Structure formats: structure tokens, C-alpha cells
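Coordinate analysis (summary)
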Amino acid sequence: MIDMQRVINSDQPAFIVQHEDDAALLRQWGASVWILEEAIGLPAAEVILIVRGNGLETLKGMNLAFSGRVVDLGVNGNLDAYVTGHADPIALLRNEARDLYAHEEAPVSVCKVDPLKPGVPCGIPFLHSHLRWRPGGELVVIAGPYGSGKSSFARLLAYTWADHAGRSENAHASLACWEDDLAVIKREIARYALEGDVTGAMSSAQARRLLDMENRVHWTQRDADLLRDFDWYCKLIEHRARCDNVRFFVADPWNAFDSSRDVREIETQYVDKIMLRLQRMVEKLGITIVMVTHLSAKSYDDEGKVRPFRIANAFGSVNFGNKMHRGICVSRSRYLAESSDTGRDDHLILHFDKARNEEQMGIRGTVVCVYDPKTMGLTYDNGATAEVRKLWR
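Everything numeric here is computed off the predicted structure, so don't read it as measured data.

**Thoughts on the pattern of salt bridges**
Evaluated as defined, the whole model comprises 25 salt bridges. The partner of arginine 334 in a salt bridge is aspartate 346, and the shortest N-O contact between them spans 3.7 Å. Linking arginine 334 in the loop between strand E12 (326–333) and strand E13 (347–355) with aspartate 346 in the loop between E12 and E13, this pair joins segments that are twelve residues apart in sequence. One salt-bridge network, in which partners are shared between bridges, spans Asp163, Arg167, Arg209, Asp212 and Arg216.

**Here we look at the confidence of the model for the protein chain**
Looking at the protein chain as a whole, its pLDDT mean stands at 87, while 88% of the residues score no less than 70. Across the protein chain, element-level confidence peaks in strand E9 (residues 217–219) with a mean pLDDT of 98 and bottoms out in helix H1 (residues 4–9) with 42. Segment residues 1–9: pLDDT under 50, and 14 contacts once partners within four positions in sequence are set aside and those in other chains are kept.

**Some remarks on the sheet that holds E12**
As summarised here, the arrangement of the nine strands in space is E9-E8-E10-E11-E7-E12-E13-E14-E15, forming an open sheet in which the pairing is mixed. Where the open sheet ends on each side, the last strands, each with one partner, are E9 and strand E15 (377–380). Mean inter-strand twist for the sheet, computed between neighbouring axes without regard to direction, equals 25 degrees. Sheet analysis places E13 next to strand E14 (residues 365–372), joined by five bridges and oriented antiparallel. Paired with leucine 348 across the strands is cysteine 369, a residue of E14. On top of the sheet, helix H6 (residues 150–163) reaches strand E7 (138–144), strand E8 (172–177), E9, strand E10 (246–252), strand E11 (288–294), E12, E13, E14 and E15; it is set at about 160 degrees to E8, its chief contact. Contacts from helix H9 (residues 230–244) reach E8, E9, E10 and E11 within the one sheet, and its direction differs from that of E10 by about 160 degrees.

Parameters and conventions
Residues numbered from 1 in each chain as written. Predicted model: local features only at pLDDT ≥ 70, side-chain atom pairs only at ≥ 80, totals over all residues. Heavy atoms only, no water. Salt bridge = Lys/Arg side-chain N within 4 Å of Asp/Glu carboxyl O. Helix = DSSP H or I, 4+ residues; strand = E, 2+ residues; numbered from the N terminus. pLDDT = per-residue confidence, 0-100. Contact = heavy atoms within 4.5 Å. Pairing = 2+ DSSP bridges. Axes fitted to C-alpha atoms, helices over the stretch in contact; angles between N-to-C directions.

Here you go:
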């Protein structure tokens, strides 16, 4: 039976713990201690709760937690180790105890924050002011109409990431591109690695370079009789990230994944659920996931041309824009030859529509370039960029 009068009158705090071994240790130090199950309904007094594992979450919703403060030992916490080296363990625990929500909400003055790390260059020099990879990963949406070049651009980002940012951490990229053949991917990687097709026999240096890039880029496939839905894909992502240091994933296109939507869910709810799951995986695993999606029919004018659009116009739901860290709109134009520096009449328009932290990830804006599939290279076109920026703001 708990002697509450003794607890209230004592100058020492009372302790409530989850485990008997913690209770025994505290009693050695002369503290008043109870196991959690014995203390339900404990009234206001100086009470310190010591929890391990998910004990903090267990306390939420219990009135008990509002009568005291908490010391969270963590998943693998050990009270003896926590106080090792301190002459007065009780005083230490009293000083370290915080209210139940202190780790989730507190004055800014006491919140700890790591210095903002600079973004990592994307590997395409003329895009560095707009595209720097966020350390710790990001969720990216690339949207564009059919035939705009969005898929080619997404794959090129994977190749350059694997070759530059990923190389520094010996990390790999992975492609789940359901509308492309492996033969196309291997040809692109070869052209990227060797800066074009190689006629005749490769040198030993070229062969090593090609093998290196093929090892750095993974290909995703699944038996046609099996579902390739997002539940399966998320499990694959987590396994590869944890076990094989794959840290850059391209999922292309969104609507080629089998839907697992409940019949009672509307499209917006389904997209919101999937994007939230992907966002949490990015934060937990420190990876980058690139989602490629088409535009809705409303993005075309009466002549079938694509109007300047925002990432919010992405097919399916505005929740593509709500949950992502970065949004890139991709379009294609055959009407810029007169303003072009290159004289070409086929241009790739890249509109960097959203970056959650522009100082770190790159500024919003529009860039026009020429894509050469024979070398997997992009060439900046200053004249065409100036013309397009009049429309894309």
C-alpha cells in the first residue's frame, strides 16, 4: 500500500518504474519507489517516472503521467549505466526529469538543433543553383506530360547521383521503371559511363568504368503474376537501404504500381496515405525516393499543348505536393528554335517548383536545356531559358 502522506511530506522525490531491477537499485539509494502497476491514481506530488523502450508512449493518456516528470532511458536503457560516475544519483535523476511532452514540444531556447548541412551537388553543374541533394534524404516528385522526358530525366538523376553523391558514401541507386526495358537501361548506363557509344573493342579502363556504373545502379523487376503494389515496394526499399546501402530510389510511373486502395477510399486519401508512408521512410532511413507521375488532362489547352503548370497539377491528388520535399515539373517544347543558343528545336524544360529549404536544396526557377540521348548529357540553353522564364514563373 502506498503511504501518500509520507511521499508528499518527503523532501525526496518518489519514483515510479516499469521494472523491478530499477526499483531495487533506487531503494539502495534510499528512494521511495513503486512499480508502475502499483501506482495508478497517484495524486500530485514530486513524482519521477523512469521508463524504457516504449514506456513513454504507454504513459500518454494516463492521468498518472500528468502528476510527475519522466526520465526516458531509451529502447535499450539501463538505469545503472545512466547514473554511472555521479556521486548523487537521485539529484541527477531529479535534474534530468522532464514533463511527458518535453521531447516533442518545448521552448526554442532549449531545443537542440544540428547545424544546417549544405546540400550535395547533383553532378550536373548548370543545375547546382536549383538542385542540391538534401543530406539525410528527400522525397521528390517529378511530374510531366506523356513524352516530356520526365522519365529520362529521373533516370539521369539516378545515374549522376550514383556516380557523384552516392560514390562518396559507396551507396547505390535503384530503378523501378515499369515502362522501360532492361536493355534500354543498360544502353543508357553505358552511354552515360562512356559519354557515348563505343565503336569497336573497349579499352580496359572503359570496361572498368562501365562495370563500376552497372554495379552502382540496380534494376527492379517482379514476376508478372505477383502484385507490385506500394506495400511490397516499401518493404523492398527498407531491406535494400538497411542491408545493401541503396539510398536513391526511382519509382516510375506512379500509376503503374498496382493499387491497394480500399473501395471506401477516395483517390486523395489513398495518395495521402502512400506519400505519408514514403515520407516517413525517407526520414527514418535517410534515403531519397523519386516518384514520377503524369499530368491530369486539365493541364492541356484546346490545341493539346501543355500550359505552364505547378507540381500541384500532378495526376491524382494535390497530396503529391503536400508531402514532398522537392517538386520538379518537366515539359518539352519544339517552338524555341528562334530564341535558342544551340539552334535546336527540341528542348527540355525543367521548372523547379518546390524545395522545402531553398538555402540548402536550391532555389525555385526554370531552366531550359537540350537532352542528348546518345551521350545521356544535358546542355544548358541560355536564350531558350530567358524566353521560357517569361511564361514559367
